Amino acid sequence: MAETQVKPDAASRPIGEPLVVLEHVDKHFGSLHVLKDINLTVRRGEVVVVIGPSGSGKSTLCRTINRLETIDSGTIAIDGTRLPEEGRALARLRADVGMVFQSFNLFAHKSVLENVTLGPTKVKGLSRAAARTKANALLERVGVANQADKLPAQLSGGQQQRVAIARALAMDPQVMLFDEPTSALDPEMINEVLDVMVSLAAEGMTMIVVTHEMGFARKAAHRVVFMDGGQIVEESDPETFFTAPSSERARDFLSKILTH
Ligand SMILES: Nc1ncnc2c1ncn2[C@@H]1O[C@H](COP(=O)(O)OP(=O)(O)OP(=O)(O)O)[C@@H](O)[C@H]1O
Ligand SMILES: [Mg+2]
């Protein structure tokens, strides 16, 4: 019995071919060198947790992957296609990359259901009826089906983040980016969002997750990538990273997050 169940732990989940590939990516904000020669390959079905001190470039890295930020040099490819500069090709590629941010960024004047149906009808050309059916199923899946007609402000932070996940999933993304999705939440709401993320991982979604939630990393991540000063300083499996980090910078960072 047990062998046939989907297990959340990373070791039991297969990983496929390269899906998101960053090669020699550099980015400056003015004179600030925020991404320094980033090389990162995320495979289909892989869950990568990105961790590191404030200002190390984690959010910028996420934002370059769906081209909310441009890069100065290097390449980023998704499923073998280089990120286009602009236009329809960019919109199409962006639909492949779902993103959930730290701050709840739902459309404030639209209902929960409309938040989830908007992308599929406008960008993917789904009929309203099909988009509603899909949205209801996704809201059910993240546990907020009974909130469909409310406005975002009428929901708790944890519920809003789960709607944000449903909204991203409605586009059938190939990869999901999460940028500190639980760091603005009250403690009692963190787990309800992490649980949804763990189940997504268990279903084989490719995920890049900026988070300091070690429990999530240990349970769901194949790999932890540690950034500092715009560089990937080290990467390893979660257990090795948290128990025996190889760099002084990672040891120093972990001693700080573990003591509060
Ligand atoms: N639009 C911008 N213009 C100028 N500088 C920026 C911009 N966005 C980010 N930065 C700077 O780039 C650096 C990296 O920022 P980034 O937000 O990627 O860090 P982070 O690792 O996500 O930090 P945090 O943990 O605080 O979210 C920081 O020094 C930040 O101040
Ligand atoms: Mg950030």
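Residues numbered from 1 in each chain as written. Chains lettered and ligands numbered in written order. Predicted model: local features only at pLDDT ≥ 70, side-chain atom pairs only at ≥ 80, totals over all residues. Heavy atoms only, no water.

Going by an unreviewed UniProt entry, the protein chain carries the name ABC-type polar-amino-acid transporter and comes from Cellulomonas rhizosphaerae. What UniProt records for the protein chain under Sequence similarities (unreviewed entry) is the sentence "Belongs to the ABC transporter superfamily." Note on the protein chain: under the UniProt heading Catalytic activity (unreviewed entry), the record states "a polar amino acid(out) + ATP + H2O = a polar amino acid(in) + ADP + phosphate + H(+)". (UniProt positions renumbered as here; feature names shortened; annotations may be inferred.)

Peer 1: Would you explain the nonpolar core in this entry?
Peer 2: One recurring pattern in soluble globular proteins is that nonpolar side chains are buried together. If you look at the biggest cluster of nonpolar residues, it comprises 50 residues, and the most contacted ones within it are Leu139, Ile165, Met176, Phe178, Met197, Met207 and Phe216. Examining the composition of this core, we find that 9 residues originate from one element, helix α6 (residues 187–202), more than from any other. The residues touching methionine 207, leaving out its near neighbours within four places in the chain, are Glu46, Val47, Val48, Met176, Phe178, Met197, Leu200, Ala201 and Phe216. One finds Val20, Leu22, Leu61 and Leu177 within the second-largest nonpolar core, a separate group that totals 25 residues. (Core = buried A, V, L, I, M, F, W, Y, C linked by side-chain atoms within 4.5 Å. Buried < 20%, exposed > 50% of the residue type's maximum accessible area, 1.4 Å probe, protein only. Helix = DSSP H or I, 4+ residues; strand = E, 2+ residues; numbered from the N terminus. Contact = heavy atoms within 4.5 Å.)

Peer 1: Just checking my understanding: could you explain a positive patch on the surface for this structure?
Peer 2: Residues Lys110, Lys122, Arg128 and Arg132 make up a contiguous surface patch of positive charge. Structurally, lysine 110 can be placed in the loop between β6 (97–100) and α3 (112–122). (Patch = residues over 30% accessible without salt bridge, like charges linked within 9 Å, V, L, I, M, F, W, Y side chains within 5 Å. Areas by Shrake-Rupley, 256 points an atom, 1.4 Å probe, with all protein chains shown as cover. Salt bridge = Lys/Arg side-chain N within 4 Å of Asp/Glu carboxyl O. Lys, Arg positive; Asp, Glu negative; His and termini not counted. Charge placed at Lys NZ, Arg CZ, Asp CG, Glu CD.)

Peer 1: What should I look at first to understand the site of ligand 1 in this one?
Peer 2: Around ligand 1, the neighbouring residues are Phe29, Leu32, Val34, Pro53, Ser54, Gly55, Ser56, Gly57, Lys58, Ser59, Thr60 and Glu180. Within the backbone of serine 56, a nitrogen or oxygen atom sits 3.1 Å from an oxygen atom of ligand 1. At the level of elements, β2 (32–43) and α1 (58–65) are the ones that each hand at least two residues to the shell around ligand 1. Per-element tally for the shell around ligand 1: the top contributor is α1, with 3 residues. (Near = heavy atom within 4 Å. Polar contact = N/O pair within 3.5 Å; in protein donor to acceptor, adjacent residues only side chain to side chain.)

Peer 1: Whenever I open this one, unusual backbone geometry confuses me. Can you help?
Peer 2: A negative phi angle is the norm for most residues apart from glycine, just as the trans form is the norm for most peptide bonds. For histidine 24, which is not a glycine, the phi torsion comes out positive at approximately 50°. Tracing the backbone shows histidine 24 in strand β1 (residues 18–29).

Peer 1: When you look at the sheet that holds strand β8 (residues 206–210) in this model, what are you seeing that I'm missing?
Peer 2: Across a sheet, strands are paired by hydrogen bonds formed along the backbone, either parallel or antiparallel in direction. Taking strand neighbours across the sheet as the criterion, the 6 strands line up as β6-β7-β8-β3-β9-β10 in an open arrangement whose pairing is mixed. The open sheet terminates on both sides in strands that have one partner only, identified here as β6 and β10 (231–236). Taken pair by pair, the neighbouring strands of this sheet meet at an average axis angle of 20°, ignoring direction. Strand direction decides the pairing type here: strand β3 (residues 47–51) and strand β9 (residues 223–228), joined by 4 bridges, are parallel. When the bridges of β9 are listed, valine 49 appears paired with valine 224. Sheet strands in contact with helix α5 (residues 157–169) are β6 and β7 (175–179), and its direction is about 170° off that of β6. Lying over the sheet, α6 contacts β3, β7 and β8, oriented at roughly 145° with respect to β8. (Pairing = 2+ DSSP bridges. Axes fitted to C-alpha atoms, helices over the stretch in contact; angles between N-to-C directions.)

Peer 1: Just to check I follow, could you spell out the UniProt feature "domain: ABC transporter" (unreviewed entry) in the protein chain for this structure?
Peer 2: Mapped onto the present numbering, the UniProt feature "domain: ABC transporter" (unreviewed entry) falls at residues 20–254. For residues 20–254, the helix share is 39%, the strand share is 26%, and the end-to-end C-alpha distance is 27 Å.

Peer 1: Help me understand the packing of aromatic side chains, please; the structure alone is not making it clear to me.
Peer 2: The description of an aromatic ring pair rests on the distance of the ring centres and on the angle between the ring planes. Per the stated rule, a full pass over the model turns up 3 aromatic pairs. A ring pair is formed by phenylalanine 226 and phenylalanine 253, whose centres lie 5.5 Å apart and whose planes are at 45°; its orientation type is tilted. Of this pair, phenylalanine 226 sits in strand β9 while phenylalanine 253 sits in helix α9 (residues 248–258), placing them 27 residues apart in sequence. When its relative accessible area of 7% is taken as the criterion, phenylalanine 253 is described as buried. Between phenylalanine 241 and phenylalanine 242, the ring centres sit 5.3 Å apart and the planes meet at 75°, which makes this aromatic pair edge-to-face. Phenylalanine 242 matches phenylalanine 241 in its accessibility class, with the two residues each being buried. Here the basic side chain of arginine 167 rests over the ring of phenylalanine 107, its NZ or CZ set 4.8 Å away from the ring centre. (Phe/Tyr/Trp six-rings, centres within 6.5 Å; stacked < 30°, edge-to-face > 60°. Lys NZ or Arg CZ within 6 Å of the ring centre and 35° of its normal.)

Peer 1: What exactly am I supposed to notice about the sheet that holds β2 here?
Peer 2: What the 4 strands build is an open sheet, ordered β2-β1-β4-β5; its pairing is antiparallel. This sheet does not close on itself; its edge strands, each paired only once, are β2 and β5 (81–82). Here β1 runs beside strand β4 (residues 73–78); their pairing, made up of 5 bridges, is antiparallel. Following the sheet pairing, leucine 22 is matched in β4 by isoleucine 76.

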